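The lines below spell out each chain.
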Amino acid sequence: DPADALNMYCRLKAGGYSDDDIILIIEDDIAYNSANPQPGVVRVSDGGPNLREGAVVDYRTSSLTTDDLCDIFLGRCSDRLPCVLDSSQGDNVLVFWSGHGSPGDDGGSGCLNWSSDEELSADAAGELLREASSEGRFRKMLWLIEACYSGGVGQVSEGVPGVLCITAADPYETSKADVWSTALQVWMSNRFTSTLHES
């Protein structure tokens, strides 16, 4: 959900982090969508602040492949990917993933999806974490995953030194929408993230 990702972005900025410290990847298709009655505005609650105002979007999800995402995560800068995770073994890293997930087939651990063609399987996420750990790319890493069936990523991340993964759902369940807008007739957030920000 781009709104929840923008909400996390705004909270990090309010906490003193700069855009140099944050990589924001969203499709950015809500603020100026023809169905949005308030052009340029994205909120997670009726009357809440405009989360899109001033936000610096580094990449649109539709422009990235799974390999691109792995390169960003592992700090592999290129002309195509100028903004990458520039971290080392002394850094603490927060990854907030808000989007869709799909269940695993035949006992698999499921996938995190961001388009009809691109996905990061839980097993690939586990490999990515192990590679980042072996390269000394973090001291500690917290993954907050707002997606259906996201518990599979939590399972495969077990045992990776310094990694804590908290998910909105187990490997076999969907996550739940939250904050209904009567004015817009849409769900504005996810229960996992709204609860996270309340605590």
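To start, this report covers the structure provided alongside it.

Cut-offs used in this document
Residues numbered from 1 in each chain as written. Predicted model: local features only at pLDDT ≥ 70, side-chain atom pairs only at ≥ 80, totals over all residues. Heavy atoms only, no water. Core = buried A, V, L, I, M, F, W, Y, C linked by side-chain atoms within 4.5 Å. Buried < 20%, exposed > 50% of the residue type's maximum accessible area, 1.4 Å probe, protein only. Helix = DSSP H or I, 4+ residues; strand = E, 2+ residues; numbered from the N terminus. Polar contact = N/O pair within 3.5 Å; in protein donor to acceptor, adjacent residues only side chain to side chain. Contact = heavy atoms within 4.5 Å.

Ranked by internal contacts, the top residues of the largest apolar core, which has 31 residues, are Phe73, Met141, Trp143, Ile145 and Val153. Elements with a contribution of two residues or more to this core: helix 2 (66-73), strand 1 (92-98), helix 3 (122-134), strand 5 (140-146), helix 4 (151-157) and strand 6 (163-167). Formed by 16 residues, the second largest nonpolar core is a distinct cluster that contains Leu24, Ala31, Val44 and Leu144.

Next up on the list: the side chain of arginine 52. The topology assignment puts arginine 52 in the loop between helix 1 (2-14) and helix 2. There is a polar contact of 2.9 Å between the side chain of arginine 52 and the backbone oxygen of alanine 55. Non-local contacts of arginine 52, meaning those with residues more than four positions away in its chain, are made with Leu6, Asp28, Ala31, Gly40, Val42 and Val57.

What follows deals with the environment of aspartate 19. Structurally, the position occupied by aspartate 19 is in the loop between helix 1 and helix 2. Given a relative accessible area of 26%, aspartate 19 falls into the partly exposed group. Distance in space between the C-alpha atoms of aspartate 19 and glutamate 173 is 34 Å, their sequence separation being 154 residues. Contact partners of aspartate 19, with chain neighbours within four places excluded, come to Tyr9, Lys13 and Val56. Engagement of the side chain of aspartate 19 in a polar contact is seen with the side chain of lysine 13, the distance being 3.1 Å.

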